[in-house]
Every structure is written in structure tokens, then in C-alpha cells.
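Take a look at the letters that make up each chain.
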Amino acid sequence: MEPLQMSHKGFKAYDIRGIVPDEVNEDLAYRVGRAYAALYHPKAMCIGFDVRPSSKKISEAAARGLMDGGSDVYDIGLCGTEMMYYGTFHYGMDGGFMITASHNPSDYNGIKIVREEGIPVSADTGLKDIETLAFSGNFPECGKKGNLFHKEILSDYIASLLSFVDVKAMKPFHIVVNAGNGCANIAFSELKKHLPFHFTEMYMDPDGSFPSYRIFCGKQHKENRRTPLFAQGMRRRGFGGMIQGGLRAAFFRFGSLGDLAVAGQRVGLDALEGLVA
């Protein structure tokens, strides 16, 4: 395969992330799949993708690279990053790819890579090797190609989350939730059925253009704390949550005078545990 002639800027310290198509595209994704297969010899890989317009095709290209390198691929579809981590670990797969650019705007995309048991692949632990091989195109011949399978993991994932908490011990808080038009509601819509809370929901529909991005992630972020998300919480003196991508979230507690205390970054499991007391 010919060497790839494009920018290396998409390769960061912890993942691949850049502007589509100059820094991240389907050709690169295919090569990254081939490179991972050549370097780590996986037999089964988990792959998921977020709601960005470019994500599905980039995911399909990465899956082709993995399959051409000899690995079976289990496509878990549209999901949050944490579901890919869970799928890779829970089903004993040899690695996972998540097609996402995290908090970046919709014209970005990327690939988060983990090995078996969900161990992250970063620049210090193999990403540089993947980059070198992907750009060189010097992939070894593969005798047998892998197959593609579509796998539903949502029910197992929700059951796993709930297994860590005592729902009966939870207080009936009123919680304001903003999914930021990402993939969070895929899991959240099922998870909330098992929780005793009352939710006020905002921007829950997945939309790859991220219409709420400017409101909560732009330069006016501090001023936008007075948007309806926070106003609801202030009136009810409860909790607010901004869910980024999947179930990774920043949680806020509103004081009696309407002051805003940022509790910090949480993953979905930590968020549930924090509401038991």
C-alpha cells in the first residue's frame, strides 16, 4: 500500500483527533485499523461511533481495516465512549475503537483506541507505532479476513451500572440534565427508568451539528450559567448535570441562594454513587 500523504496533526498524546478531512478521514481510519491488527493480532474488536456526520463512514473504514487485518469486528453502533470501554472489557475482546472527537465541534472527528480489558493506547503505549505503520502502508499480508457482527450491549451495560448502586437508598432529587445533543440519551433514556429521580431534560436528541455547543462550550460559558438549565436548578435548589458525549458528566449543586457549586467531572457510575446518601 502506498504511503499516506496527509497531515500528522491528528495524532495526539492520548488519541487521534482532528479536522475532517484534512487531519482525520476514512483512508486514515482504514490504515489505523490495519495497523492495529498488524501490531496486536486481535481476534475480536469492539467498535462504536458518535453522532457526528462523518462518524459512521469513518467507523466503517476502521472496521474494514481491522477485518482486512484478520480480526472479527463487533459493531455496537451509535453510543457513548464509555459503552465501547464497557463492551471491550465485559465481552473479553482484544481491543476497541471509538470514533469520536469528544468535546470538539462537529467538523472534528477522531479515534480513541483501547487494548484488551479497556487499557488505553496512547503515544507512550503504542499510538506512535500505529501512526508510523499507518502512514507507511507497509502492512503484512493477511491470510484470512475477519467478519463483521452487529452487537447490542445496552441492556447489559445498564444492568452493570445498576449493579454498583442501591437504588432503594437514593433520594428523590429533582435533577436537570443536559445531554448537549450528543449520544448520552441512548443510555440515559434506559437508565432513568430505574432511578427514583425527577428529571428536567435539555438537548437530549442526538444531533451531530451540536446546536447547543455554543451555549455551553463557547467563550460565553460563564455567562451562560444563567440559561434555563441553571435557572431550573436554582429555583428548585437541586442538582444539574451536563453530560458530555456519553455518560461522562459535570454535576452541579445549587445552594439556597442560587449559588453554583461545580462538583467536578464524573463518569456515569460515579454520578450514580454520588446520589446515594
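Residues numbered from 1 in each chain as written. Predicted model: local features only at pLDDT ≥ 70, side-chain atom pairs only at ≥ 80, totals over all residues. Heavy atoms only, no water.

The subject of this paragraph is the pattern of salt bridges. The final tally for this structure, using the stated rule, is ten salt bridges. In this structure, Asp15 and Lys112 form a salt bridge, with 2.9 Å as the shortest nitrogen-oxygen distance. In this pair, Asp15 sits in the segment before strand 1 (16-19) while Lys112 sits in strand 5 (residues 108-115), placing the two residues 97 residues apart along the sequence. For the pair formed by Asp15 and Lys112, the shared burial category is buried. Among the ionic pairs, Lys145 bridges to Asp68, the shortest N-O distance being 3.6 Å. On the criterion of sequence distance, the pair formed by Lys145 in the loop between helix 4 (123-136) and strand 6 (148-150) and Asp68 in helix 2 (residues 55-68) is long-range, its members being 77 residues apart. Among the charged side chains, a salt-bridge network with shared partners connects Asp15, Arg17 and Lys112. (Salt bridge = Lys/Arg side-chain N within 4 Å of Asp/Glu carboxyl O. Helix = DSSP H or I, 4+ residues; strand = E, 2+ residues; numbered from the N terminus. Buried < 20%, exposed > 50% of the residue type's maximum accessible area, 1.4 Å probe, protein only.)

As a further point, take helix 2. Its 14 residues give helix 2 an end-to-end C-alpha distance of 20 Å, which sits within 8% of 20 Å, the value for a rise of 1.5 Å per residue. By the burial criterion, the buried members of helix 2 are Ser55, Ile58, Ser59, Ala61, Ala62, Ala63, Gly65, Leu66 and Met67. Where helix 2 is buried, its residues contact helix 1 (26-40), strand 2 (44-49), strand 3 (72-78), strand 4 (95-99), strand 5 and strand 6. Within two residues after helix 2, Gly70 carries a phi angle of roughly 105°, on the positive side. (Expected span 1.5 Å × (residues − 1). Contact = heavy atoms within 4.5 Å.)

Let us look at the nonpolar core. Membership of the largest hydrophobic core comes to 34 residues, with the highest contact counts inside it found for Ile16, Val32, Phe97 and Ile113. Of all the elements, helix 1 adds the most residues to this core, at eight residues. Among residues more than four places away in sequence, those in contact with Ile113 are Ile16, Val32, Tyr36, Gly96, Phe97, Ile119, Pro120, Val121, Leu127 and Ile130. Listed in part, the 29 residues of the second largest apolar core include Cys46, Val114, Val165 and Val177. (Core = buried A, V, L, I, M, F, W, Y, C linked by side-chain atoms within 4.5 Å.)

What follows concerns the environment of Tyr108. Here Tyr108 is to be found in strand 5. C-alpha separation for the pair Tyr108 and Asp22, spaced 86 residues apart in sequence, amounts to 9.9 Å. Excluding residues that lie within four positions of it along the chain, Tyr108 makes contacts with Gly18, Ile19, Val20, Arg52 and Ala101.

All right, on to the side chain of Glu131 then. Residue position: Glu131 is located in helix 4. Residue classification places Glu131 among the buried residues on the basis of a relative accessible area of 10%.

Strand pairing in a sheet takes place through backbone hydrogen bonds and is either antiparallel or parallel in direction. As summarised here, the arrangement of the six strands in space is 1-5-4-2-3-6, forming an open sheet in which the pairing is mixed. What marks the edges here is a single partner per strand, and that holds for strand 1 and strand 6. On average, each strand axis in the sheet is inclined to that of its neighbour by 20°, with strand direction left out of account. In the sheet, strand 1 pairs with strand 5 via four bridges, with the strands oriented antiparallel. The partner of Arg17 across the bridge, within strand 5, is Gly110. Sitting on the sheet, helix 2 touches strand 2, strand 3, strand 4, strand 5 and strand 6, and the angle it makes with strand 2 is about 170°. (Pairing = 2+ DSSP bridges. Axes fitted to C-alpha atoms, helices over the stretch in contact; angles between N-to-C directions.)

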